[in-house]
Amino acid sequence: MTETTHQQSPRSGDGDRSPEYRLAQNALQGLRQDLFHDPFAYRPMGPRPTTGPLLRRLPLRMRTAAERLPHAVVGAIALLTLLIGAVSGSEPGGDTRALLAGLLCALPVVATLTRPVGAFWLSIAVSPLTALLNGGGVDWPWMPGAFVSHLTVLVVVALRTRPRTAVWMWGVTAAYALLSDIFIGGSYYYTNGGPMLITSAFALLLVCLWHVRHTAQQEVTAQQTVTAQERSRRTLLEERTTIARELHDVVAHHMSVVAIQAEAAPYRVENPPEELERAFATIRENAVAALTELRRILGVVRAEDYEAPDAPQPTLADLDALLVNVRDAGLTVEKVVTGAVRELPQGVELSAYRIVQEALSNSLRHAPGASARVEIGYVLGGLGVRVVNGPMPEPSLVKPSPGAGHGITGMRERVAMLDGEMTAGPTEDGGYEVAVFLPVAAVNEGDA
């Protein structure tokens with residue numbers, strides 16, 4: 001095994017290569033992937049997005065036309081290169097060779113709409129052909145029409161691909177210009193390889209900067225979306241934790257009362273039968289077991305520094321004290337109660353109280369100086385709660401202080417846990433309304 005290992009070590013491949021070798025190998029792989037792998041593949045240019053701040057304000061017909069604006073620009077530049085290529089030869093527009101030269105210049109520009117990488121290679125191939133067709137020209141290696149065509153192809157292909165492809169195209173262009181000057185350029189009076197490389201370098205640099213900015217904007221937008229989702233999810237978890245704590249307090253209180261009453265009940269009856277004692281003992285054991293299991297399960301949601309409140313949880317009977325505090329804070333509020341007032345399950349009353357409390361707090365924050373109205377409706381099958389505030393008076397000395405939007409999310413979470421319904425939104429007069437219905441199962445007298 002030792003000999004085999006030593007024999008295979010020299011052939012371990014890239015791991016023994018120098019960093020320069022691996023860098024060159026990766027560069028060649030990038031060149032092959034960007035410019036040589038299926039260069040004439042069909043990749044049509046898609047429509048322009050119309051979600052920008054300016055385009056989305058246009059009428060529908062104009063937005064539809066704006067989607068094809070890049071295609072129209074490329075078509076216009078193709079016509080321009082056709083014209084320049086046809087009139088820049090030795091006999092401008094006077095023979096078939098001039099027209100053919102113009103068509104050859106326009107062909108790569110049109111090809112960028114469907115085959116961007118192939119259009120680049122077409123532009124490289126077309127450059128010497130246009131020079132041969134216009135043999136009397138003084139420009140080399142790009143005739144005027146081919147110059148405009150190749151520069152346009154570089155910019156459009158770079159916009160449609162990525163910055164690395166733009167670098168490779170510029171490198172191939174530089175190599176073509178150098179080889180053309182060395183082998184053929186001696187018979188020409190002027191070589192425009194330098195102007196092409198300088199002009200295209202600046203153009204491609206701007207395109208690369210646009211790519212970097214566009215990518216950064218996409219990453220920021222994606223990060224903002226993820227952050228908003230995480231914030232909403234965290235708000236839901238915090239609200240669920242609070243509700244779980246409150247429900248734990250409510251259920252634990254009642255289960256404790258059941259256990260105590262079951263333990264004390266036999267002593268209130270003189271000479272109770274054994275069956276009754278066993279029944280109360282069973283009730284107490286089940287109540288204690290349920291209470292222990294409840295504390296074990298819900299203990300996970302209790303933070304280590306959370307302290308259970310000493311006072312009982314608020315109910316609808318405590319609304320008057322809440323309204324007094326709100327009025328002292330500057331909010332004019334009135335309460336209207338309809339229907340037959342009756343005692344509801346403690347979870348329903350607690351949720352209704354918290355919803356009214358949060359809605360009034362939102363009124364204080366978002367519409368300081370406005371008036372509010374709290375409506376409590378005891379109906380058959382449930383409880384209706386409606387909190388509506390008017391618009392903020394103008395002018396107002398107190399400015400609104402918008403929150404993080406957690407209040408509405410918390411209210412919806414409470415309503416959803418009780419299988420209720422909730423609507424919240426602005427009113428016609430500029431105020432805000434929160435309407436909630438919390439279902440309450442009817443209790444038959446025979447089941448009580």
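Structure shown above.
Quick summary incoming for the structure in this document. (Residues numbered from 1 in each chain as written. Predicted model: local features only at pLDDT ≥ 70, side-chain atom pairs only at ≥ 80, totals over all residues. Heavy atoms only, no water.)

## Remarks on the side chain of Ser363
Checked against the element boundaries, Ser363 lands in helix H12 (residues 346-366). If sequence neighbours within four positions are ignored, Ser363 has contacts with Leu331, Pro368 and Asn389. (Helix = DSSP H or I, 4+ residues; strand = E, 2+ residues; numbered from the N terminus. Contact = heavy atoms within 4.5 Å.)

## Concerning the sheet that holds strand S3 (residues 332-338)
Across the sheet, five strands lie side by side as S3-S4-S5-S7-S6; this open sheet has mixed pairing. Of all strands in the sheet, those bounded by a partner on one side alone are S3 and strand S6 (421-426). Between one strand axis and the next, the sheet turns through 10° on average, direction left out of account. Two strands pair when backbone bridges link them, and S3 and strand S4 (residues 371-379) are joined in this way by seven bridges, in the parallel orientation. If you follow Thr338 over to S4, its bridge partner there is Gly377. With respect to the sheet, helix H11 (residues 319-328) is in contact with S3 and S4, its orientation differing from that of S3 by roughly 160°. The strands touched by H12 within the sheet are S3, S4, strand S5 (382-389) and strand S7 (432-439), with S5 carrying the most contacts at an inclination of about 5°. (Pairing = 2+ DSSP bridges. Axes fitted to C-alpha atoms, helices over the stretch in contact; angles between N-to-C directions.)

## Comments concerning unusual backbone geometry
In this model, Asp38 sits at a positive phi of 50°, which is unusual for a non-glycine residue. Residue position: Asp38 is located in the loop between helix H2 (19-36) and helix H3 (60-66). Among the residues examined, Asp38 registers a relative accessible area of 45% and is labelled partly exposed. Look at Asp419: it is not a glycine, yet its phi comes out positive at around 60°. When you line up the elements, Asp419 lands in the loop between helix H13 (406-417) and S6. (Buried < 20%, exposed > 50% of the residue type's maximum accessible area, 1.4 Å probe, protein only.)

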